[in-house]
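Report on the structure
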Amino acid sequence: MTSWTIANVRPWGAAPVDLTIDGTEITGVRPAGTARPDSESVDGRGLLALPGFVNAHAHVDKSWWGQPWVSYGGEPTTQGRIAHERAERDRYGIPGVDGTVAVLREYLRHGTTATRTHVDVDLGLGLRGIEVVREAADRLDGAIDVEIVAFPQDGVIRRPGVLDLLDRAAQAGATSIGGLDPAGIDRDPVAQLDGLFEIAERRGVGLDIHLHDGGELGAFQYELIIDRTLRTGLQGRVTVSHGFALGELAPDRQRALLDDGGEAGISWATVAPVRTAPLPWRGMAERGIGIGLGTDGIRDLWSPFGDGDLLRIALGFARLHGLRTDEELTAAVELATTKAAPFVHRERHDLVPGARADLVLIDAQNVPDALVRVPPRALVVAGGRVVARDGEVLLNA
Ligand SMILES: [Zn+2]
């Protein structure tokens, strides 16, 4: 195994260290100037070092990143977006390997070294999207860790045959299966959730459910999810994505749901969109409800927004939640890195011996300074390899 050193970097803004990397792992963290210099050493120039970003909610299969601009069309409702995407996606080669590679390269350029991605599974595509994403990840030779959620974007119960597709996806190695507004889209929340939990329990996969439904309708579905999680023994393996309703509830109702959600080990993925209610993030943290940050889709047929930079999402989270102190701003960056480890099934994800060598160097005074300025990434190391430098991806694919 080749061993090399990144000399003189400041992990999380602390005193300078030399990081030793063997193969794909960090194996040593020593005070700067004490590591044995070798020909492979990289001078970290005293830059701020963070672990690679973890994108906990993405859709890498359906972006038109890298293609000429696509103007927004269709209706702005969830069903409107679903219908528009189904009508237009073929025209842009979605899902396609080249487009997916373009998105993953952009993630790497910004320092994201692991992602959980939802991949559309529907009656039109079958499981083709999953094959596309796997091929794209292979083209990048595993530089970015890609975990797949088989996602029924077009609904479940209202589309007979989709449950069977999800079952096949789980059998074929998807880490989780998804769901979508069991009430708002399927209009039969019990049937959708019973179907999803039955597959998860039988196949031993996780669940990650898109829930846009607001207010009491959303809360009712959290209750259904919590109840089924406890009954099936899937504690710690169920994620609610978006879950906008949680921030909208009255304090008592919210507290009771947090208590029950904590007991069931539910986690939450958010992209912290503007014009949504802030999440009770401190109460969630106190109860061990994990929060992951995601980009969601970028430049897709749902929305023209998004550039794939997770640090920018962390900044959005900080602004939406009114964070200001150094401690709070650092907490937002932790959500984008170390604290997101469970979303990609890692035991630990940090600049410590034994962790995968995923790190980002940034020219910033400290973590809060990096968060509020979102500077370009000076160096990105993924799985022990330098994959981007000064904003340019170095991989061929
Ligand atoms: Zn999504």
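Now for a quick tour of the structure.

Criteria and cut-off values
Residues numbered from 1 in each chain as written. Predicted model: local features only at pLDDT ≥ 70, side-chain atom pairs only at ≥ 80, totals over all residues. Heavy atoms only, no water. Helix = DSSP H or I, 4+ residues; strand = E, 2+ residues; numbered from the N terminus. Polar contact = N/O pair within 3.5 Å; in protein donor to acceptor, adjacent residues only side chain to side chain. Contact = heavy atoms within 4.5 Å. 1 Å grid on protein atoms, 1.4 Å probe; cavity = no way out; pocket = protein on both sides within 12 Å on 5 of 7 lines; lining within 4 Å. Points joined across faces, edges and corners; volume = space filled by probe spheres on them. Nonpolar A, V, L, I, M, F, W, Y, C, P; charged D, E, K, R; others polar. Core = buried A, V, L, I, M, F, W, Y, C linked by side-chain atoms within 4.5 Å. Buried < 20%, exposed > 50% of the residue type's maximum accessible area, 1.4 Å probe, protein only. Donors = N, O, S within 2.8 Å, 3.2 Å for Na, K, Ca; no water. Salt bridge = Lys/Arg side-chain N within 4 Å of Asp/Glu carboxyl O. Expected span 1.5 Å × (residues − 1). Axes fitted to C-alpha atoms, helices over the stretch in contact; angles between N-to-C directions. Parallel < 35°, antiparallel > 145°, perpendicular 65-115°, else oblique. Left-handed = near helix turned anticlockwise from the far one by under 90°. Pairing = 2+ DSSP bridges. Right-handed = clockwise from strand over helix to strand, strands pointing away.

**So, the side chain of D208**
One can find D208 in strand β9 (residues 206-211). Within the structure, the side chain of D208 is placed 2.8 Å from the side chain of R116, a separation counted as a polar contact. A distance of 2.7 Å separates a polar atom in the side chain of D208 from a polar atom in the side chain of S241. Setting aside its immediate chain neighbours within four residues, D208 contacts R116, H118, V149, I177, G178, G179, T239 and S241.

**Some remarks on empty space enclosed by the protein**
Applying the stated rule across the entire model yields 3 cavities of 30 Å³ or more. There is about 90 Å³ of room inside the largest cavity. Those elements that place two or more of their residues in the lining of the largest cavity are α6 (215-232) and α7 (251-263). Looking at the lining of the largest cavity, its residues break down into 10 nonpolar, 1 polar and no charged.

**So, the nonpolar core**
Among the nonpolar cores identified, the biggest contains 92 residues, and I177, I225, W268 and L371 are the most heavily contacted of them. Membership of the second largest hydrophobic core comes to 17 residues, among which are V9, L19, I21 and L379.

**Comments concerning the environment of G46**
The topology assignment puts G46 in strand β4 (residues 42-51). Note: C-alpha distance between G46 and G13 (33 residues apart in sequence) is 9.5 Å. Ignoring any residue separated from it by four or fewer positions in sequence, one finds G46 in contact with N8 and R10.

**Remarks on the coordination of the zinc ion**
Metal coordination angles in their ideal form are 109.5 degrees for the four-donor tetrahedron and 90 or 180 degrees for the six-donor octahedron. Protein coordination of the zinc ion is provided by H57 (NE2), H59 (NE2), H210 (NE2) and D296 (OD), with donor distances spanning 2.1 to 2.4 Å. Classification of H57 by relative accessible area gives buried; the value is 0%.

**Looking at the pattern of salt bridges**
This model, assessed by the stated rule, comprises 32 salt bridges. Taking the shortest distance from any N to any O, the salt bridge between D227 and R231 comes out at 3.0 Å. In this pair, D227 and R231 both sit in helix α6, 4 residues apart, roughly one turn of the helix. On the basis of relative accessible area, D227 is assigned to the partly exposed category, the value being 36%.

**Remarks on helix α5 (residues 189-203)**
With 15 residues, α5 extends 21 Å from end C-alpha to end C-alpha; this agrees with the ideal 21 Å at 1.5 Å per step. Those residues of α5 not exposed but buried are P189, Q192, L193, G195, L196, F197, I199 and A200. On the buried face of α5, the contacting elements are α4 (162-171), β8 (176-180), β9, α6 and β10 (238-242). Of the residues flanking the end of α5, it is G204, one or two places downstream, whose phi is positive at about 70 degrees.

**What to know about the packing of α4 against α5**
Between α4 and α5, whose axes approach to 10 Å, the crossing angle comes to 20 degrees. Taken together, the axes of α4 and α5 lie roughly parallel to each other. In this structure, α4 meets α5 at a crossing whose hand is right-handed. Contact residues: α4 offers L163, L166, D167, A170 and Q171, while α5 offers G195, L196, I199, R202 and R203. Here the residues of the contact of α4 with α5 are counted per class, giving 5 nonpolar, 2 polar and 3 charged.

**Considering the sheet that holds strand β5 (residues 53-58)**
Read across the sheet, 8 strands follow the order β5-β6-β7-β8-β9-β10-β11-β12 without closing on themselves; strand pairing throughout is parallel. If you trace the sheet from one side to the other, it starts and ends with β5 and β12 (291-293), each paired once. On average, each strand axis in the sheet is tilted by 25 degrees relative to the strand beside it, whichever way the strands run. With 2 bridges connecting them, strand β7 (residues 145-151) and β8 associate as parallel partners. Across the sheet, the residue bridging to V149 is S176, located in β8.

**As for the sheet that holds strand β3 (residues 25-31)**
Taken together, 8 strands build an open sheet; the order of strands is β3-β2-β1-β4-β13-β14-β15-β16 and the sheet is mixed. Of all strands in the sheet, those with a lone pairing partner are β3 and β16 (392-393), marking the two edges. With 4 bridges joining them, strand β14 (residues 377-382) and strand β15 (residues 385-389) adopt antiparallel strand pairing. Note that in β15 the partner of L379 across the bridge is R389. Against the sheet, helix α2 (residues 97-109) engages β14, β15 and β16, with an angle of about 115 degrees to β14.

**Side note on the side chain of E106**
Mapped onto the elements, E106 comes out in helix α2. Taking the relative accessible area as the measure of exposure, E106 reaches 10% and is therefore buried. Excluding residues that lie within four positions of it along the chain, E106 makes contacts with W65 and D307.

**Quick word on the pairing of β8**
Residues in a regular strand project their side chains so that they alternate between the two faces of the sheet. Summarising burial for β8: 5 of the 5 residues are buried, a large majority. Residues of β8 alternate between two faces, with S176, G178 and L180 on one and I177 and G179 on the opposite face, all of them buried. In this fold, the crossover linking β7 to β8 by way of α4 has right-handed handedness. Inspection of the sheet shows β8 paired to β9 by 5 bridges, in the parallel sense. In the sheet register, L180 faces β9, and the bridge partner there is H210. Following the chain from β8 across α5 to the adjacent parallel β9, one finds a crossover that is right-handed.

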